[in-house]
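Structure at a glance
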Amino acid sequence: MLGLKLPTDPRWANIAEKNIEEILIDHAFCEQKAASTAISLIVSFPEYTELVTEMVALTREEMGHFKMVHDRLIKMGVPLGRDRKDEYVLKLVTFFPKGGSRTDQLVHRLLYAALIEARSCERFRLLSEKLEDKDLAKFYRDLMISEANHYTMFLKFARQYGNREEVDKKWEDLLVFEAEIMRDLGTKETVHG
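My aim in this report is to walk through the structure given alongside it, one point at a time.

Definitions and limits used
Residues numbered from 1 in each chain as written. Predicted model: local features only at pLDDT ≥ 70, side-chain atom pairs only at ≥ 80, totals over all residues. Heavy atoms only, no water. Axes fitted to C-alpha atoms, helices over the stretch in contact; angles between N-to-C directions. Helix = DSSP H or I, 4+ residues; strand = E, 2+ residues; numbered from the N terminus. Parallel < 35°, antiparallel > 145°, perpendicular 65-115°, else oblique. Left-handed = near helix turned anticlockwise from the far one by under 90°. Contact = heavy atoms within 4.5 Å. Buried < 20%, exposed > 50% of the residue type's maximum accessible area, 1.4 Å probe, protein only. Lys, Arg positive; Asp, Glu negative; His and termini not counted. Salt bridge = Lys/Arg side-chain N within 4 Å of Asp/Glu carboxyl O. Phe/Tyr/Trp six-rings, centres within 6.5 Å; stacked < 30°, edge-to-face > 60°.

**Some thoughts on the packing of helix H2 (residues 20-44) against helix H5 (residues 102-130)**
One way to put it is that H2 packs onto H5 with a least axis distance of 12 Å and a crossing angle of 155°. The pairing of H2 with H5 is recorded here as roughly antiparallel in orientation. For the element pair H2 and H5, the recorded crossing hand is left-handed. Here Ile23, His27, Glu31, Ala34, Ser40, Leu41 and Ser44 of H2 lie close against H5, whose contacting residues are Arg102, Leu106, Arg109, Leu110, Glu117, Phe124 and Leu127.

**Digging into the side chain of Glu31**
Position of Glu31 relative to the elements: it lies in helix H2. Buried charged residue Glu31 carries no salt bridge. Nearest counter-charge: Arg72, at 11 Å.

**Observations regarding the packing of aromatic side chains**
The full count for this structure, using the stated rule, is nine aromatic pairs. Where Phe96 meets Tyr112, the ring centres are 5.2 Å apart and the plane angle is 55°; that geometry is what we call tilted. In this pair, Phe96 is assigned in the loop between helix H4 (87-92) and H5 and Tyr112 in helix H5, connecting sequence segments 16 residues apart. With 6.1 Å between their ring centres and 35° between their planes, Tyr151 and Trp171 make a pair best called tilted. You can see Tyr151 sitting in helix H6 (residues 134-161) and its partner Trp171 sitting in helix H7 (residues 164-183), a full 20 residues away along the chain. Note on accessibility: Tyr151 and Trp171 belong to one class, buried. Feature note: the residues Phe45, Tyr48, Phe157 and Tyr161 constitute an aromatic cluster, connected by ring pairs.

This is how it looks when you write it as structure tokens:
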């Protein structure tokens, strides 16, 4: 369903489980960044009423997820700490050239967001299946469903606002590029790394 060209090595779940505090910290920041992305889309493309409406709802949802993760960290006695760079996202956003028409810029940002949500969904599925802590596994199962919905929403908007044939070609090319990025990742205690 997700269309990812290179699945995560299942051994990543073992790394994650052994470093669950680091995963939760990174996850909290991922939720913040997802909310920031939604806000940025509202600010940058206010003329797209349907998009703005959905991004308002998404901002609330992502901050709700942030709170859920942060509450778990508090319960564990783990401070949030400072944000770290997301190597995956930094590499991913180099794919499309800067500039272009407003429509191209919007489509590119929507495709990046869709792919980040798809990869998060896939990673959360792995955590839901592999974690020994059943409560945490259920937590990630529930979030996996949410991430899948976000992925399909962003892809739907990209196809709605751009030329469907061109968008599908860009999506396919981005998936191939992302697979190359993933060949070098999957060994760190981060959600995408």
